[in-house]
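Letter by letter, the chains look like this.
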Amino acid sequence: MANVEDNWERLVRATQQRNTAAVNGDDRRPSSLASIVPSSLGDSSHIDAILQAADEIQDYDPTISRILCEQAYSMSQELDPSSDGRGVLQFKTGLMSIIKQKLSKRDGAQIDRSRDVERLWKFYQRYKQRHRVDDIRREEQKSLETGVFSTNVGELAERRKVFATLRALVEVMKALSNDASPEMRQLISEEVRGAISAIMYAENFPKLPASYKISGKRNADMFDLLEYVFGFQRDNVRNQRENVILAIANAQSRLSVPDERDPKIDEDAIDEVFSKVLDNYIKWCKYLRIRVAWNSSDAITRERKLLMISLYFLIWGEAANVRFLPECICYIFHNMGMELDPILNNREASFAGSCKTEHGSVSYLEQVIYPIYETQAALWIFVQIRFPCLCSNMGRYCNGRLLEASKNDNGKAAHSVWRNYDDFNEYFWSPACFKLGWPMKKDSAFLRKPRKWKRALTIIAFSGKFNMNTFKILLSVGPTFAVMNFVESEYSLFPISSISSPSQDPLFPTAVIFNIVILGSLDILLMFGAYTKARGMAISRLVLRFCWWFLYSVAVSYFYLRLLQDWNKHQTNSLSFRMYMLILGAYAGVRVLFALLFMIPACHAFSQMSDQAFFQFFKWIYQERYFVGRGLFEKPLDYARYALFWLVIFAFKFTFAYYLQIRPLVRPTKIIVNIKDVRYSWHSFVSKRNYNALTIASLWAPVVAIYIMDMHIWYTLLSALVGGVMGARQRLGEIRSIEMVHERFESFPEAFVKNLSSPRMKRMPINPENSQSTQETNKSYASMFAPFWNEIIKSLREEDYIGNREEQLLSMPSNAGTLPLVQWPLFLLSNKIVMAIDLALDCKDTQADLWNRICRDDYMAYAVQECYYSIEKILHAVLDDKGSRWVERVYREINNCIIEGSLHLTLSLKKLRLVQSRFTALTGLLTNNETSGKALYDFYDVVTHDLLSTDLREQIDTWNILAEARSTRVLGCKNDWQKDSEITELVKRLHLLLTVKDTPSNIPKNLEARRRLEFFTNSLFMDMPLAKPVCEMVPFCVFTPYYSETVLYSSKELREENEDGVSTLFYLQKIFPDEWVNFLERINKGESSGEVDFAENSIDNLELRFWVSYRGQTLARTVRGMMYYRRALMLQSFLERRGLIGNDEKPPTSPMSSHGFESSSEARAQADLKFTYIVSCQIYGQQKQNKTAEAADISLLLQRNEALRVAFIHVEESAVADGKVVNYYSKLVKADVHGKDQEIYSIKLPGDPKLGEGKPENQNHAIVFTRGDAIQTIDMNQDNYLEEALKMRNLLEEFHEKHGIRPPTILGVREHVFTGSVSSLAWFMSNQETSFVTLGQRVLAKPLK
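Given the structure is predicted, the values throughout are model-derived calculations rather than measurements. (Residues numbered from 1 in each chain as written. Predicted model: local features only at pLDDT ≥ 70, side-chain atom pairs only at ≥ 80, totals over all residues. Heavy atoms only, no water.)

Engineer: How would you explain the overall build of the protein if you had to name every residue and give the values?
Structural biologist: Across its full length, the protein carries 54 helices and seven strands. Burial status across the protein gives 47% buried among its 1345 residues. Looking at the protein as shown, the accessible area adds up to about 68700 Å², and 55% of this sits on carbon and sulfur atoms. (Helix = DSSP H or I, 4+ residues; strand = E, 2+ residues; numbered from the N terminus. Buried < 20%, exposed > 50% of the residue type's maximum accessible area, 1.4 Å probe, protein only. Areas by Shrake-Rupley, 256 points an atom, 1.4 Å probe, with all protein chains shown as cover.)

Right under this line is the structure:
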């Protein structure tokens, strides 16, 4: 291949030199390739024009020239995919060589082609301006009116050249975006336009001053008002403006499409966003019993709702580390919302007093966020080097460097020494938080640092003589307390009838008193050291509880002593007895009441919703109120499942322990105890009058150890059993091998359409009134399933799990042709024709018996039928009218014989092998676009004279229409049959069907490809929510934190050998040999023998780096996997548009193909509306400054993935008179058209965002750039697959399913450890993940909820 490319490049250069001075009909210099377009390409004139334009604009913009060349190559590929035409292969090879030359000038960086249309449009505008196209058109129009034309030949030639280039650009833009439908344009643009118009500046808003400048070419909106009033950062405003617009547009998309003439958002969409965004704030206000920032949700206007949404997002977007305090955000929003009211009532907008600075400007960051952040930083961080001054400006530290360390000492320090985010947030769970004031008071308790306290150890001292009796009494406290609680619970249920004599059961009052003392005293002792930081209500609760239990214990003790005295006097019905029973009844009643309030769901729900002081007071006495974690009760059925699960575990445990552990040892223990005079080596020390205690202890020690530990063993076994049963009920594990994939493949299309396809894609009306035959229904299912299946197979090929031949065998036809049956992938039909012929050769029975034997294998029956119908269709398309009449006659006779059941009599089945060889030779010629009349006649001859019966043969031989063919031994054929793409594909498929003899069980060979296909096909039968259309699905974002891990392996790392002399590349070649062969085949080096040489800066070397990186735990692998979500959404959106019809319409005849979905502008826009991917690379800014390899690799990932966004922390240092100023920014970048980083947003932070743990704070600074209603958190060592991404719509619908009292907020999905094939230990860990983690989580979600 390399020699061919070199020869072709020399030919191109020679042609360029020969045509340097040549001028064609329109005075244009031919392009280096335009003049050599093969004539066999039917649309060569368009390709020629495009290549001419590429040559003309090469000097202006090489990128656009490259795009035009690639489009010319794509057009030639569509016209002649197999390069069978004369000169087509050489033309494609040369054109690809030119494209590679253009790409090599970008230092090996691969370009993201999804933005080619945008680049072409921008260049089109610039080209028109440069050549004054509008002026030229006006001059031509004036010339037409006056009749005076220019006679300058050079000027006319230049004009024709410019307009020809423009026409080529327009044609390429149309080709790249010709799949845009008006419905989808309306669906996307009108919703966004409606959301933009919804946030426009209202007439009743105060007027902005003339000095306020609006950024960009747009009208003022409510975000401009909030920016002016509170001083939000401009990039924060831009970011949250986009966030709010997308949130409203997505909410509207789930309702209806706005009117194109007046795009207006429905009130329901705004209410949905309003209630979702401010849900926590409304609950917070209700919890604290304060009025919300507006009068009522019914009276609040549409504009006010949107203003409150915008204000909340702006507060949240600039809050930095304060975002870890959600109730603090509610507090800030509440006060700023109240502060906004009087400003809105004025005619002109004014600054908010809470955000005014000393210089007269406004800054929300400096006046609101920075004081809270400063308090957090002071309590989380200490300065190891003393600084002379700590400046008041944000981020300014003087005279040195700030060395940070966490005061919690990695969790070892006492909690009173430091405060975390939860401690700060808890301050806003009580009305006392309003003492902080607004604007916040600098000397408030919230901003006060905690004082250090010393802990004291409580020591129990004994006075007098300490003997064994004292020790026994001390040890009896533990079991006595347990027995007391048991007796207490017993008497709490039956307080009167169970007590006959207090002297008979003195433990009951002792238990009550002991419990009272413990409840009242331990709270006070354990809270020692935290009183200075505790709220007043918490201390009051402790005092009340102590007083309550103290008085109760005194009353119980007093009346119990009086009762004993009366009982000794035989006074059984005294006043003391009645008072004692009354007190005990009150105690039992209180405990039962608390049990009702906290354990029975109905009472718990009632007490949770009730605002009556009675319920709230007693609940507060029993348990302190917390904003988080309240109302966590479940249905009675859930409690019953939970209790039953543990009862079963305890039953197994106690049964096993009694019958197999304890009972067998009782008799031996008694025998050992009764053995006397046993002499041991250390007799006086080991066994001296102690009944052989050490022997008994040794005997019982393993039993006791197992008894203590076997609870977890029984839990593991039962959870695995229950989890397996639950999985079976959910129809998991139906496909367990590749053989079962083959057997069940017929049911895959229907299951896929019903579960994973939205109603918009279903191209046929499936209802009883307009029913179709089963065959047509199955074919419609197959036509909808085929493009998705083919894209999955294509992704497996791109990942090198399968080769080109396996891809061809695994791909599924479109099933959009006229064949009256479903066409299945060839790997299912492989070798079936040969087996069917063998059955026919051995057949000695009737036609029905032969067909029954064939139908035992469904795919053999499919193969025979497809071969029969395909031969007829191909022969009709290839032969002329005379030959078609012969085909029609033969097929009519065969069909009649099939109906009569006499096929075995009419045909000589012994000659089928000969017929197969003749037709295989014919299809071999046809696949190369060669039509041979001789081969057609050979097939005619063998069918007529060998296959058909004697009577039928004589009838055909007497036909005069075939006399010429018999004399010349050549059948007439058509020359234009190749133009029918359906026939050409049918010929290739039939040729493979007749020649492929691979064993189906060996396709695919790769174990990972098998596992993925098995898992995907198995999931098609799961019980899952139905998929919504892409425009109505839940929008989501994927979020990946990254620090400094491997992004992409370098060429040096691939070839660097370890101490054993083994390089990474060599190791991967040995453990993935088939994938390495597939990779070489993909980059056209499959025919190379020995070691393949990769140039350092070549495209192939870059592909090699990615191939290795995709088999390790790298960021590149994670990014590729997550971007499958976007590809899946683009595919689904593209195909939904193709299948969008009404119920009363007939199914369209055009094939449902996925071709061109990646270049569809509408599909990309819809995917971007629903999906966002953010990688939070914390130190990417430092890596760029240091020019590290990681920074270059991240930049390369940005270039290859259009929708990828990278967030990072940017640090700026600048010198001032008294030291240095250190400013921190949270930035978001993407790749521009030139492959460089383009800054989207830059939001200033109050200081270093890393106060505590790095990972959550790395995610926190970038979370403001996320979009959608759901966030999937993915570590940088995880992967994803296209087939799993297709199920994301179903997964997100789980948020709307009923799974109990509350809707789910967290969804967990199963993990597959992809490193399980590396070693036996990794395989064990992978299976452990499946067995214990997946099954355990399934059990925790359902029975143990």
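From this point, things continue past the structure.
Engineer: Can you explain helix H32 (residues 832-842)? Please cite residues and give values.
Structural biologist: Three or four residues apart is the spacing at which side chains of an α-helix point the same way, because the helix has 3.6 residues per turn. Of all 11 residues in H32, eight are buried; the element is thus mostly enclosed. Within H32, burial applies to Lys832, Ile833, Val834, Ala836, Ile837, Leu839, Ala840 and Leu841.

Engineer: Describe in detail the side chain of glutamine 661, supporting the description with residues and values.
Structural biologist: Examined against the element boundaries, glutamine 661 turns out to sit in helix H24 (residues 636-674). Looking at glutamine 661, the relative accessible area reads 7%, which means it is buried. For glutamine 661, the contacting residues outside a window of four places in its chain are Phe656, Val703, Ile706, Tyr707 and Asp710. (Contact = heavy atoms within 4.5 Å.)

Engineer: An account of the packing of helix H9 (residues 222-230) against helix H14 (residues 326-345) is requested, with residue identities and associated values reported.
Structural biologist: Relative to each other, H9 and H14 sit at 105°, their axes nearing to 12 Å. Considered as vectors, H9 and H14 are oriented roughly perpendicular to each other. For the pair H9 and H14, contact is made by Leu225, Leu226, Val229 and Phe230 and by Met336, Glu339, Leu340, Ile343 and Leu344, respectively. Residues belonging to the contact of H9 with H14 are distributed by class as follows: eight nonpolar, no polar and one charged. (Axes fitted to C-alpha atoms, helices over the stretch in contact; angles between N-to-C directions. Parallel < 35°, antiparallel > 145°, perpendicular 65-115°, else oblique. Nonpolar A, V, L, I, M, F, W, Y, C, P; charged D, E, K, R; others polar.)

Engineer: So what's going on with the pattern of salt bridges? Residues and values would help.
Structural biologist: All chains considered together, the criterion is met by 45 salt bridges. Put simply, aspartate 279 and lysine 283 hold a salt bridge, and the shortest N to O gap is 3.2 Å. Taken together, the residues aspartate 279 and lysine 283, both in helix H12 (residues 279-288) and four residues apart, mark about one turn of the helix. When its relative accessible area of 33% is taken as the criterion, aspartate 279 is described as partly exposed. Here arginine 641 ties to aspartate 638 by a salt bridge, and the two come within 2.8 Å at their closest N and O atoms. Pair noted here: arginine 641 and aspartate 638 are both in helix H24, with a separation of three residues, about one helical turn. Judged by its relative accessible area of 29%, arginine 641 is partly exposed. Here the salt bridges do not stand alone but share partners, grouping Arg797, Asp800, Glu1081, Arg1082 and Glu1103 into one network. (Salt bridge = Lys/Arg side-chain N within 4 Å of Asp/Glu carboxyl O.)

Engineer: Any details on the nonpolar core? Residues and values, ideally.
Structural biologist: Core analysis: the largest hydrophobic core is formed by 141 residues, its most contacted members being Phe745 and Phe1036. A per-element tally of this core places helix H47 (residues 1115-1138) first, with 13 residues. Other than its neighbours up to four places away in sequence, phenylalanine 1036 contacts Tyr1125, Leu1129, Lys1170, Phe1171, Thr1172, Arg1267, Gly1268, Ala1270, Met1288 and Leu1292. Membership of the second largest hydrophobic core comes to 95 residues, among which are Ile265, Val273, Trp294 and Ile1174. (Core = buried A, V, L, I, M, F, W, Y, C linked by side-chain atoms within 4.5 Å.)

Engineer: Give a description of a nonpolar patch on the surface that names residues and reports values.
Structural biologist: Among the surface-exposed residues, Phe656, Tyr658, Tyr659, Leu660, Ile662, Val666 and Ile706 lie close enough to one another that they form a single nonpolar patch of about 620 Å² accessible area. In this structure, leucine 660 sits in helix H24. (Patch = residues over 30% accessible without salt bridge, like charges linked within 9 Å, V, L, I, M, F, W, Y side chains within 5 Å.)

Engineer: Lay out the packing of helix H29 (residues 774-798) against helix H42 (residues 1007-1019) with the relevant residues and their values.
Structural biologist: Running from N to C, H29 and H42 point in directions that differ by 155°, and their axes come no closer than 12 Å. Accordingly, the angle class assigned to the pair H29 and H42 is roughly antiparallel. Crossing of H29 against H42: the hand is right-handed. Taking contact as the criterion, the partners of Trp789, Ile792, Ile793, Ser795 and Leu796 in H29 are, on H42, Arg1012, Leu1013, Phe1016 and Thr1017. Taken together, the residues that form the contact of H29 with H42 break down as six nonpolar, two polar and one charged. (Left-handed = near helix turned anticlockwise from the far one by under 90°.)

Engineer: Please provide a residue-by-residue account of the confidence of the model for the protein, values included.
Structural biologist: Overall, the predicted model of the protein reaches an average pLDDT of 76, with 73% of residues at or above 70. Per-element confidence in the protein ranges from a low mean pLDDT of 30 for strand E1 (residues 396-397) to a high of 94 for helix H13 (residues 302-317). In the predicted structure, residues 1-31 sits below a pLDDT of 50 and forms 45 contacts with residues beyond four places in sequence or in another chain. (pLDDT = per-residue confidence, 0-100.)

Engineer: Residues and numbers for the environment of lysine 442, please.
Structural biologist: When you line up the elements, lysine 442 lands in the loop between helix H16 (421-426) and helix H17 (468-475). Judged by relative accessible area, which is 60%, lysine 442 ranks as exposed. Once residues lying within four places of it in the same chain are set aside, the contact partners of lysine 442 are Pro371 and Leu447.

Engineer: Residues and numbers for unusual backbone geometry, please.
Structural biologist: Excluding glycine, most residues fall at negative phi; most peptide bonds, likewise, are trans. Here the residue pair tryptophan 438 and proline 439 is connected by a cis peptide bond, since its omega of -5° sits within 30 degrees of zero. In this structure, proline 439 sits in the loop between H16 and H17. One non-glycine residue, aspartate 800, lies in the positive phi region at around 65°. Residue position: aspartate 800 is located in the loop between H29 and helix H30 (804-810). Given the relative accessible area of 1%, aspartate 800 is considered buried.

Engineer: Please provide a residue-by-residue account of H9, values included.
Structural biologist: Burial of H9 is extensive: nine of the nine residues sit out of reach of the surface. Taken together, the buried positions of H9 are Met222, Phe223, Asp224, Leu225, Leu226, Glu227, Tyr228, Val229 and Phe230. Capping the start of H9, aspartate 221 holds a side-chain oxygen 3.1 Å from the backbone nitrogen of phenylalanine 223, two or three residues further along. Positive backbone phi, at 75°, marks glycine 231, one or two positions downstream of H9. (Polar contact = N/O pair within 3.5 Å; in protein donor to acceptor, adjacent residues only side chain to side chain.)

Engineer: Any details on the packing of aromatic side chains? Residues and values, ideally.
Structural biologist: Remark: the centre distance and the inter-plane angle together describe each pair of aromatic rings, the angle taken between the planes. In this structure the tally under the stated criterion is 50 aromatic pairs. With centroids separated by 5.8 Å and ring planes inclined at 10°, the aromatic side chains of tryptophan 646 and tyrosine 715 adopt a geometry described as stacked. In this pair, tryptophan 646 is assigned in helix H24 and tyrosine 715 in helix H26 (residues 693-729), connecting sequence segments 69 residues apart. The interplanar angle of 70° and the centroid separation of 5.5 Å between the aromatic rings of tyrosine 868 and tyrosine 869 together place this pair among those described as edge-to-face. These aromatic residues form a ring-pair network of at least three members: Phe274, Tyr281, Trp284, Trp294, Tyr312, Tyr331, Phe333, Tyr427, Phe428, Phe434 and Trp438. In this structure, arginine 323 is placed above the aromatic ring of tryptophan 316, and the distance from its NZ or CZ to the ring centre is 5.8 Å. (Phe/Tyr/Trp six-rings, centres within 6.5 Å; stacked < 30°, edge-to-face > 60°. Lys NZ or Arg CZ within 6 Å of the ring centre and 35° of its normal.)

Engineer: Requested: an account of the environment of methionine 1024, with residues and values cited.
Structural biologist: Mapping methionine 1024 onto the fold places it in the loop between H42 and strand E2 (1036-1042). Residue methionine 1024 is classed as buried on the basis of its relative accessible area, which comes to 18%. Taking C-alpha positions, methionine 1024 is 9.6 Å from lysine 1287, a pair spaced 263 residues apart along the chain.

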